[in-house]
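# Working through the structure, step by step
If you want the building blocks of each chain, they are given just below.
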Amino acid sequence: MYKIIIIAILLLLFLYNKKDNFQDNSKISVLILSYNRPYNLKKSLPILNKYKIIDEIIVLHGNPKYYQNFNNNKVINVKDYENNKIYGGARRWMAMKYLKNDVIMILDDDLYPSEKFVNDSYNTLMKNYSKNTIYGNFNRGCNENGYDHKATAENYDSILTGQVMCKKKIIEDYMKNYFHKHEKWLIEHHGNCEDLGLNFFIRNFYKEKPVFVKGTFTWLDKSKGYSSSPEHYKIRDNFCKKYHNI
């Protein structure tokens, strides 16, 4: 009897340590768009650079006027001026070639998540690895009724990509199979609604629901972005009504 108990304890310790080693050895790539708020990244990059699970941080610069060569050891600076002229924020979907890891986290430059939030998102994804979906904190509604920016954790159908984690292959599949459906709109509106387009892909192509993951994050300067425009919510409302089943 005692031998069985000892063996069981040793097995549990082995599995626990194996889990810890898996966590320690796991790495993700982070992609951040930079356009006209480099001062935000001066605050966030040193913090993100210290997160153990983050292996690399790709900063995709869209404006030569505000370019800064961030020299944190995990940061890779990429000049993406031409794509920005055409696609605005939607250029982020074209950057997968710069990311080396299977799991990626996409961030806007006006916030950064806590390390616990990053780890929790990663663990949730890995526990559901067979699903093709995205994981994040900002839940919204986007359907035939329009855009609902006050959707709750119970009635949402979309997750914004201001902070989101997913498998890189999902974005590659989106670009290959679905991006063309929204491309004309994204060019006309300089990338506004690129996040909602990805959600439609998740819901209509994979038949999955984006996953809400609760966590904490720090806001930085949010001015001078898409949401600063008085037409922002109207544009998104029209996009949801037009493309919800396309």
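Remember, it's a predicted structure, so these values are computed and weren't measured experimentally. (Residues numbered from 1 in each chain as written. Predicted model: local features only at pLDDT ≥ 70, side-chain atom pairs only at ≥ 80, totals over all residues. Heavy atoms only, no water.)

Moving on: unusual backbone geometry. Despite not being glycine, His190 shows a phi value in the positive range, around 50 degrees. One can find His190 in the loop between helix 6 (179-188) and helix 7 (194-204). Even without being a glycine, Cys193 presents a positive backbone phi close to 90 degrees. Its location among the elements puts Cys193 in the loop between helix 6 and helix 7. You can call Cys193 buried: its relative accessible area is 0%. (Helix = DSSP H or I, 4+ residues; strand = E, 2+ residues; numbered from the N terminus. Buried < 20%, exposed > 50% of the residue type's maximum accessible area, 1.4 Å probe, protein only.)

Turning our attention to the side chain of His61. Checked against the element boundaries, His61 lands in strand 2 (residues 54-61). Judged by relative accessible area, which is 1%, His61 ranks as buried. Within the structure, the side chain of His61 is placed 2.9 Å from the side chain of Asn77, a separation counted as a polar contact. Residues within four places of His61 in sequence aside, it is in contact with Ser34, Tyr67, Gln68, Phe70, Asn77, Val78, Lys79, Asp80, Tyr81 and Arg91. (Polar contact = N/O pair within 3.5 Å; in protein donor to acceptor, adjacent residues only side chain to side chain. Contact = heavy atoms within 4.5 Å.)

Three- or four-residue spacings in an α-helix give side chains the same orientation, since the helix completes a turn every 3.6 residues. For helix 6, every residue scored as buried is listed here: Phe179, His182, Trp185 and Leu186. Taken around the axis of helix 6, the buried residues stretch over an arc of 130 degrees, which confines them to a single face. Along helix 6, the residues that are exposed and aim more than 90 degrees away from the buried face are His180, Lys184 and Glu188. Residues of helix 6 that are buried in the fold lie against helix 3 (81-87), helix 5 (168-177), helix 7 and helix 8 (232-243). (Arc of directions from axis to C-beta.)

Turning next to the pattern of salt bridges. Tallying each qualifying case throughout the model produces 12 salt bridges. Across the salt bridge formed by Glu82 and Lys85, the nearest N and O atoms sit 3.3 Å from each other. Placement of the pair is Glu82 and Lys85 together in helix 3, with a separation of three residues, close to one helical turn. With a relative accessible area of 59%, Lys85 lands in the exposed category. (Salt bridge = Lys/Arg side-chain N within 4 Å of Asp/Glu carboxyl O.)

This next bit is on the packing of helix 6 against helix 8. If you want to describe how two helices pack, look at the angle between their axes and the distance between the axes. At their nearest, the axes of helix 6 and helix 8 sit 12 Å apart, and the two run at 150 degrees to each other. Comparing the axis directions of helix 6 and helix 8 gives the class roughly antiparallel. Handedness of the crossing formed by helix 6 with helix 8: right-handed. The segment helix 6 lies against helix 8, with Lys181, His182 and Trp185 engaging Ile235, Asn238, Phe239, Lys242 and Tyr243. Split by residue class, the contact of helix 6 with helix 8 holds four nonpolar, two polar and two charged. (Axes fitted to C-alpha atoms, helices over the stretch in contact; angles between N-to-C directions. Parallel < 35°, antiparallel > 145°, perpendicular 65-115°, else oblique. Left-handed = near helix turned anticlockwise from the far one by under 90°. Nonpolar A, V, L, I, M, F, W, Y, C, P; charged D, E, K, R; others polar.)

Glancing now at the sheet that holds strand 8 (residues 146-148). Each strand in a sheet pairs with its neighbour through backbone hydrogen bonds, running either in the same direction (parallel) or in the opposite one (antiparallel). Taken together, three strands build an open sheet; the order of strands is 8-7-9 and the sheet is antiparallel. The open sheet is flanked by strand 8 and strand 9 (158-159), the only strands paired with a single partner. With two bridges connecting them, strand 7 (residues 139-143) and strand 9 associate as antiparallel partners. Across the sheet, the residue bridging to Arg140 is Ser158, located in strand 9. Each of strand 7, strand 8 and strand 9 touches helix 7; the most contacted strand, strand 7, lies at about 75 degrees to it. With respect to the sheet, helix 8 is in contact with strand 7 and strand 8, its orientation differing from that of strand 8 by roughly 125 degrees. (Pairing = 2+ DSSP bridges.)

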